[in-house]
Structure formats: structure tokens, C-alpha cells
Amino acid sequence: MRRRAGPVAAVVAAVVVAAPVTALQLGRAGAAQEDAELVERGEQLYLTGCVSCHGSGGVGVAGLGPSLIGAGAASAYFFLSTGRMPAVEGETGQSTRKQPAYSAEEIDALVAYVASLGDGPPIPVVDIDTADLARGGVLYRANCASCHNASGVGGALTYGHNAPSLHESTPVQVVAAMRVGPGQMPVFDEATLDEQAANEIAAYVEYLRDPDDPGGLSLGRIGPVTEGFIALVVGLGGLCAIGVWIVGRRRHG
């Protein structure tokens, strides 16, 4: 005759039969909890500093701020980390780069909240250490130099806008801007510039902060066309001055 298992044995059997909880599963549960807390913290910050322009739930406010639904983490990170958002009172038109208004931890929370409002571009993972700098230069000149200048100092655009200088931009900010297209900048998605190409452009922008000057004295790195024009004006002015001096000597000779 078979003996029936007692209550202790039944509990032991249930533990053995049940699938064991792995460290990875525990880690995922912990990460999910941390993510939820981060989003909640971001929402609190949003309701304090952003809702008046972007509306409850990020739906936007006409004439004040666009909808953030589907803007994605990359967009929130770019605007917050460059200090372009929140806008300064009285600032109209194109927002300019400023000291960030939030700490790194607060930016992380706000980014998490905006990302929770809908699918959008994530913050890019950028690796410039293995990038091909020469190819980055070719890609930059083909896609970026027409607005940001060959030396990355920025330039004028239409309707009173401008392409900002890139000399303060971090590699992650550079690629984030490609993916979201802030202001008048077009969106360069991965179908246009894949991850490797984006890394190489970011590496070249980093190089433009302190490039080599094999040609000698730099004129502020304002671009070859502008520098050439300055050299032409100075050179012609010098020749004219010499000509006037020679004519004056002959008259008084």
C-alpha cells in the first residue's frame, strides 16, 4: 500500500516541480521596477517644468510647444542635454544651446518619461574609437558641411535661422540630432546613414574641435571659402596700399 505524502513533503515536491527563479529573471524584475520609478520621477519633473508648454500627457499646446507623443528618448535627450529645453522666458524662434537646466539624473528621468509616451528613436549608442576618420570627413562634407560649415562652426540658414556650431556637441548629441532632425535639420535615419556611418561622422565632428593645421596659421577655422576670401581682400588691399605708396614717392621724388 502506498503512503500519502505529508504536508511538508507536498510543499517540498511543489518547490522541486516549480521552475526555479533565475538571477536573470530577478534582475529583469528589479530593472522593471527601477524603470517604473524612473518614469514616475520623470513625470513629476514634467508636471513641474514642462506641462505648461507641452500639455498633459505630452499632447502639446498650440503656439507654445509641440506634442511629445512618439518623440522618443533621443529627442528628449538632445534638447535637454544641450539646454535647448526648457526654453528661456522671452526666447522666441530657434532655441539656442545653453547650460542644461536639469542634472544628469533628472535628464535621465525626463527622457524615460518622454520615451514612455510612445515609440520613437532611442538614444543612440555611439562608438567613435573604431571609426574611420577619413570616411567620416567624406560623409560630413557630403551631408553636413553645407549647413554647419566645413569646419563645424555653423552657418546662416533661411528665414532667420542658423545651423549651430558643433564644437560643443558630444558624439551622442551629434548622432541623436541626426536621428530626430531638430529645427530645420533633416532626419537622417538608419536607412540614410547607418550606425557605422553615423559613428564616423561623430568621430569627424569630434576631430573638428581641434584639427591639425598642416597648412600653417588658422584664421579661426571659419571655412576654406571664407578664409580664402579674407586672404584675397587682405592681399589686394596690401597691393593697393603699396601702389599708392609708390605713386606718392614718384610725385615727391
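Residues numbered from 1 in each chain as written. Predicted model: local features only at pLDDT ≥ 70, side-chain atom pairs only at ≥ 80, totals over all residues. Heavy atoms only, no water.

**Overview of the overall build of the protein chain**
Piece 1. Of regular secondary structure, the protein chain possesses 10 helices and two strands.
Piece 2. Order of helices (α) and strands (β) in the protein chain, N terminus to C terminus: α-α-α-α-α-α-α-β-β-α-α-α.
Piece 3. Within the protein chain, the fraction of its 253 residues that count as buried is 29%.
Piece 4. Within the protein chain, counting contacts between residues at least 6 apart in sequence, those at least 24 apart form 59% of the total.
Piece 5. Of the roughly 16,100 Å² of accessible surface on the protein chain, a fraction of 61% belongs to carbon and sulfur atoms. (Helix = DSSP H or I, 4+ residues; strand = E, 2+ residues; numbered from the N terminus. Buried < 20%, exposed > 50% of the residue type's maximum accessible area, 1.4 Å probe, protein only. Contact = heavy atoms within 4.5 Å. Areas by Shrake-Rupley, 256 points an atom, 1.4 Å probe, with all protein chains shown as cover.)

**Focus: the side chain of arginine 179**
Piece 1. Position of arginine 179 relative to the elements: it lies in helix 8 (residues 171–180).
Piece 2. No salt bridge forms around the buried arginine 179; measuring N to O, its nearest opposite-charge neighbour glutamate 190 is 4.4 Å away. (Lys, Arg positive; Asp, Glu negative; His and termini not counted. Salt bridge = Lys/Arg side-chain N within 4 Å of Asp/Glu carboxyl O.)

**Quick word on helix 8**
For an α-helix the count is 3.6 residues per turn, leaving residues at separations of three or four pointing the same way.
Piece 1. Most of helix 8 is tucked away: nine of the 10 residues are buried.
Piece 2. In the core, the buried residues of helix 8 are packed alongside helix 4 (72–81) and helix 9 (195–208).
Piece 3. Of the residues flanking the end of helix 8, it is glycine 181, one or two places downstream, whose phi is positive at about 65°.

**Examining the environment of serine 146**
Piece 1. Note that serine 146 resides in helix 7 (residues 145–148).
Piece 2. Between the alpha carbons of serine 146 and alanine 163 there is a distance of 9.5 Å; along the sequence they are 17 residues apart.

**Some points on a negative patch on the surface**
Piece 1. On the surface, a cluster of negative charge is contributed by Asp127, Asp129, Asp189, Glu190, Asp194 and Glu195.
Piece 2. With respect to the helices, strands and loops of the structure, aspartate 127 is situated in the loop between helix 5 (104–115) and helix 6 (133–143).
Piece 3. Given the relative accessible area of 36%, aspartate 127 is considered partly exposed. (Patch = residues over 30% accessible without salt bridge, like charges linked within 9 Å, V, L, I, M, F, W, Y side chains within 5 Å. Charge placed at Lys NZ, Arg CZ, Asp CG, Glu CD.)

**Side note on a nonpolar patch on the surface**
Piece 1. Taken together, the side chains of Leu232, Leu236, Leu239, Ile242, Trp245 and Ile246 make up a nonpolar region of the molecular surface, amounting to roughly 630 Å² of accessible area.
Piece 2. Residue isoleucine 242 is classed as partly exposed on the basis of its relative accessible area, which comes to 49%.

**Section: unusual backbone geometry**
Piece 1. Between methionine 85 and the following residue, proline 86, the backbone shows a cis peptide bond with an omega angle of 0°.
Piece 2. Within the secondary structure, proline 86 sits in the loop between helix 4 and helix 5.
Piece 3. For asparagine 149, which is not a glycine, the phi torsion comes out positive at approximately 75°.
Piece 4. Position of asparagine 149 relative to the elements: it lies in the loop between helix 7 and strand 1 (155–156).
Piece 5. The phi torsion at tyrosine 159 lies on the positive side, around 55°, for a residue other than glycine.
Piece 6. Mapped onto the secondary structure, tyrosine 159 falls in the loop between strand 1 and strand 2 (162–163).

**Side note on helix 4**
Piece 1. Within helix 4, nine of the 10 residues are buried, which leaves the element mostly enclosed by the surrounding structure.
Piece 2. For helix 4, the complete set of buried residues consists of Gly72, Ala73, Ala74, Ser75, Ala76, Tyr77, Phe78, Leu80 and Ser81.
Piece 3. Contact partners of the buried residues in helix 4: helix 5 and helix 8.
Piece 4. Among the residues trailing helix 4, glycine 83 stands out with phi positive, at a value near 75°.

**Some thoughts on the packing of helix 6 against helix 9**
Piece 1. Contact geometry for helix 6 and helix 9: axes closest at 7 Å, N-to-C directions at 90°. Regarding the angle of helix 6 to helix 9, the classification is roughly perpendicular. Between helix 6 and helix 9, the contacting residues are Leu133, Arg135, Gly136, Gly137, Leu139, Tyr140 and Arg141 on the first element and Ala197, Glu200, Ile201, Ala203, Tyr204, Val205, Tyr207 and Leu208 on the second.
Piece 2. Residues of the contact of helix 6 with helix 9, tallied by class, amount to 10 nonpolar, two polar and three charged. (Axes fitted to C-alpha atoms, helices over the stretch in contact; angles between N-to-C directions. Parallel < 35°, antiparallel > 145°, perpendicular 65-115°, else oblique. Nonpolar A, V, L, I, M, F, W, Y, C, P; charged D, E, K, R; others polar.)

**Topic: the pattern of salt bridges**
Piece 1. Counted according to the given criterion, the structure contains four salt bridges.
Piece 2. Among the salt bridges present, the one from arginine 41 reaches glutamate 106, with a minimum N-O distance of 3.9 Å. Taken together, the residues span a long stretch of sequence, with arginine 41 in helix 2 (residues 23–49) and glutamate 106 in helix 5 at a distance of 65 residues.
Piece 3. A residue is classified by how much of its surface remains accessible, and glutamate 106, at 23% relative accessible area, is partly exposed.
Piece 4. Glutamate 206 serves as the salt-bridge partner of arginine 209, at 3.8 Å between the closest nitrogen and oxygen.
Piece 5. For glutamate 206, a relative accessible area of 28% corresponds to the partly exposed category.

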